[in-house]
Amino acid sequence: MAQRPATKGRRLFRLAGMTARVATRYTTSRVKSVFQNEEDAQRDRAKAHAEAGQLIAQTLGELKGAVMKVGQMASIAGDLLPKELSSALGALQREAPPMDFEVIAEQIERELGAPPPMLFDHFEQEPFASASIGQVHRARTDDGREVVVKVQYPGVDDAVDSDLAHLKIALRASGLVKIKRKALDAVFGELRARLHEELDYCNEADNVRLFGEMYDDDDAVVVPQVVGERSSQRVLTLTYEPGHHISELEDFGQPVLDEIGASLFRVIADQIFKHQVLHADPNPGNFAFRPDGTVVLYDFGCVKRLDPEIIQAYRDTIRAGFDEDYEGIEQGLVRLGARNTDGPSVPLSYYKPWRDIFMRPLLSDGPYDFGASQLQNEAIKLVPGSLKYLSSFQPPAELVFLDRVVVGHYGNLRTLGARGQYRPLLEAYLGS
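A brief report on the enclosed structure follows. (Residues numbered from 1 in each chain as written. Predicted model: local features only at pLDDT ≥ 70, side-chain atom pairs only at ≥ 80, totals over all residues. Heavy atoms only, no water.)

1. Comments concerning the overall build of the protein chain
Of the regular secondary structure elements, the protein chain holds 17 helices and 12 strands. Burial analysis of the protein chain (432 residues in total) assigns 52% to the buried set. Within the protein chain, contacts between residues separated by at least 24 positions form 72% of all contacts whose residues are at least 6 apart in sequence. Carbon and sulfur atoms make up 52% of the accessible area of the protein chain, which totals about 19900 Å². (Helix = DSSP H or I, 4+ residues; strand = E, 2+ residues; numbered from the N terminus. Buried < 20%, exposed > 50% of the residue type's maximum accessible area, 1.4 Å probe, protein only. Contact = heavy atoms within 4.5 Å. Areas by Shrake-Rupley, 256 points an atom, 1.4 Å probe, with all protein chains shown as cover.)

2. As for the pattern of salt bridges
Per the stated rule, a full pass over the model turns up 26 salt bridges. Between Arg339 and Glu330 there is a salt bridge; the shortest N-O distance is 3.4 Å. On the accessibility criterion, Glu330 (12% relative accessible area) is buried. The partner of Asp356 in a salt bridge is Lys352, with the nearest N and O atoms 3.1 Å apart. Taken as a pair, Asp356 and Lys352 lie in helix H13 (residues 351-358) at a separation of four residues, close to a single helical turn. For Lys352, a relative accessible area of 34% translates into the label partly exposed. If you follow the salt bridges from partner to partner, you end up with Glu190, Arg194, Glu197, Lys304 and Glu398 in one network. (Salt bridge = Lys/Arg side-chain N within 4 Å of Asp/Glu carboxyl O.)

3. Overview of the nonpolar core
Counting 76 residues, the largest nonpolar core has Ile272, Phe273 and Leu416 as its most contacted members. Top element by residues in this core is helix H10 (residues 254-275). It accounts for 10 residues. Apart from residues lying up to four places away in sequence, Ile272 is in contact with Leu278, Leu306, Ile311, Tyr314 and Leu402. Leu55, Ile104, Val149 and Leu184 belong to the second largest nonpolar core, which has 29 residues in total. (Core = buried A, V, L, I, M, F, W, Y, C linked by side-chain atoms within 4.5 Å.)

Below you can see the structure in the form of structure tokens.
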């Protein structure tokens, strides 16, 4: 019998059970801490957080859909969740077992009016790739075009709102999230909006066409084409554009890896500062690379239109960082919504060590080696001394996907082992 997505009722039952269990563990830890010294209380608190993180990650992975997608996002968005949860959620980036083909074939017939053998000259039953909200199959059209067919899992779109509501309650109940309710609500509102867009494959088809126009004259970037007659709201067929996964580049040689790294950096900067439209899912599986240095873009479901005022503030904050203008950094963070002005005042000296770490790839005199980079570990060392200013900062909803892209592609550049001087590339977008 085919494995099928969980029904809405079963999803609610699983999420409610998860919430009750993490809330119980958190409450038990809080009560127990009253009778413990600080060292023992901190150890038990860390254990409770780790157990809650594992439970949440396991449940999200089993349910797939919106909550698994949010888990994947959160695993690279360290400003929202603590390491106990983000580490557990990191497994969701790697683990997305596919649905049985019977489920996929039924969804295609529902959407396009006929089963795969009647719609395609050839359709591979084994998935080419699988993810949180759907999976991809290789196929060939009657006119001989090699294509990929992205099929959404049944019922995923109906469960988005209730999934997110239960996940937010669970995060609150677990004690893992320390930000204000208003800020958390804004972040989840942004996630909800993007997820609803991502679940509309007609919207994604429009995004593919938009990015195709953006890179039409750029030989270093490849965007697939939409096969409209084999697409619908929950099925999207695109031309197949081959390339090597980021884990398959060992034979490319360092000069090609460096060229790919520079192209990837330029693609990100172009989208942020020039087009102000962001391919907002930096998962390595959404990119492929060719021996000539070409970057292939996949999966245009998560696209974020950026607010020009936010981008100007972002530009000004980066410029202030280059100039070591810490008052300018403070004002930039206020404009971005990252600095909570209701919290305690922050000395300007607080920003220097963070600036020195995060901007190091742009400040080096020679090519920066991303493969040897340990910025994330150095940043962790600053966290204990920053805890007293925790309430002075908040994750702004407008930056959720922008931060996701920057952090995600830092990881991609590390995996590539790219080397390069990127400040001159970035300077071109910052203005005087």
